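Listed below are the residues making up each chain.
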Amino acid sequence: FGAAYRYLGTTSSTQDVLRQLAEAGAPEGTVVLAERQTSGRGRRGRAWVSAAGGLYFSVLLRPRLALADLALLPLAAGVALHAACGVGGLKWPNDLLAPDGRKLAGVLLEADLRGEELRHALLGIGVNVAAEGLPDTACGLETFGAVNRAALLAELLVQLEVWLYRPADEVRAAWSAASLTLGRQVSISTPQGEVRGMAHSLAPDGALLVRTPSGSLTRVGAGDVSLIGG
Ligand code: BTN
């Protein structure tokens, strides 16, 4: 990853720049990195605040992937993020949180499909690096020591190459080991409403299985997890 590399000062979103490159035939592993984004995107339609001093980049995946493999990709990216940053733990599906629960980094996967065929996927990663200038719910990696952004990017690209194509059972095991979510009481806001209970385990496709007060396991495919009780 990163053999083809585009470095930008300010852009709208590295996802948009990379999509254009993808449509023009850029190879898998192409990376677009920006110092600042004016319309950085997060998961579930949210904005991603892209303050100066962070690491904001997108990687082009032209898989070797079947559509079915897509589901685990965000979890694999979370594992890579955790391995490269070396602090905190993962909140389902792929936020990297500091030990106090503030957000260090996030992953956005946007797949371009044509019918049932996967054309390419755009994996966007945002890491808060500088400790200053962030919302209260966020935290910069520099809180835990000096960060060399070039070295961090290089390590992230190495870890992504390692994890994105690992077998599903290894991804699930590594994700579970790095998880801050499993075993905790959670409240999840999903498109179908709120689910509360104990985060039990990952389903084979990476969905979160939650033990609800009735004792049954409920499958959550998408949603925002809040950990209950600090
Ligand atoms: C999230 O936690 O909701 C995902 C945040 C992803 C942010 C990154 S920054 C680089 C790339 N470009 C974007 O517009 N978003 C992703």
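Bear in mind the structure is a predicted one, so any value in this text is a computation, not a measurement.

Student: Any chance you could explain the UniProt feature "binding site: biotin" (unreviewed entry) in the chain here in plain terms?
Tutor: Taking the UniProt record as the reference, the feature "binding site: biotin" (unreviewed entry) is found at Gln-37, Arg-41, Gly-42 and Arg-43. Looking at the secondary structure, you find Gly-42 in the loop between strand 2 (31-37) and strand 3 (55-61). Apart from residues no more than four positions distant in its own chain, Gly-42 is found in contact with Ala-47, Trp-48, Gly-106 and Leu-108. Here Arg-43 is to be found in the loop between strand 2 and strand 3. According to the C-beta neighbour criterion, Arg-43 is partly exposed, with 18 such atoms within 10 Å. Setting aside residues up to four positions removed in sequence, Arg-43 forms contacts with Gly-106 and Leu-108.

Student: Is there a simple way to think about the site of the ligand in this case?
Tutor: Surrounding the ligand, one finds 20 residues, the nearest of these being Ser-13, Gly-42, Gly-106, Gly-124 and Gly-126. Contributing elements (two or more residues each) for the shell around the ligand: helix 1 (14-23), strand 3, strand 6 (103-114) and strand 7 (117-127). Partitioned by chemical class, the residues of the shell around the ligand number 6 nonpolar, 10 polar and 4 charged.

Conventions we followed
Residues numbered from 1 in each chain as written. Predicted model: local features only at pLDDT ≥ 70, side-chain atom pairs only at ≥ 80, totals over all residues. UniProt positions renumbered as here; feature names shortened; annotations may be inferred. Helix = DSSP H or I, 4+ residues; strand = E, 2+ residues; numbered from the N terminus. Contact = placed C-beta atoms within 7 Å. Buried ≥ 20, exposed ≤ 12 C-beta atoms within 10 Å, placed from the backbone. Near = placed C-beta within 6 Å. Nonpolar A, V, L, I, M, F, W, Y, C, P; charged D, E, K, R; others polar.

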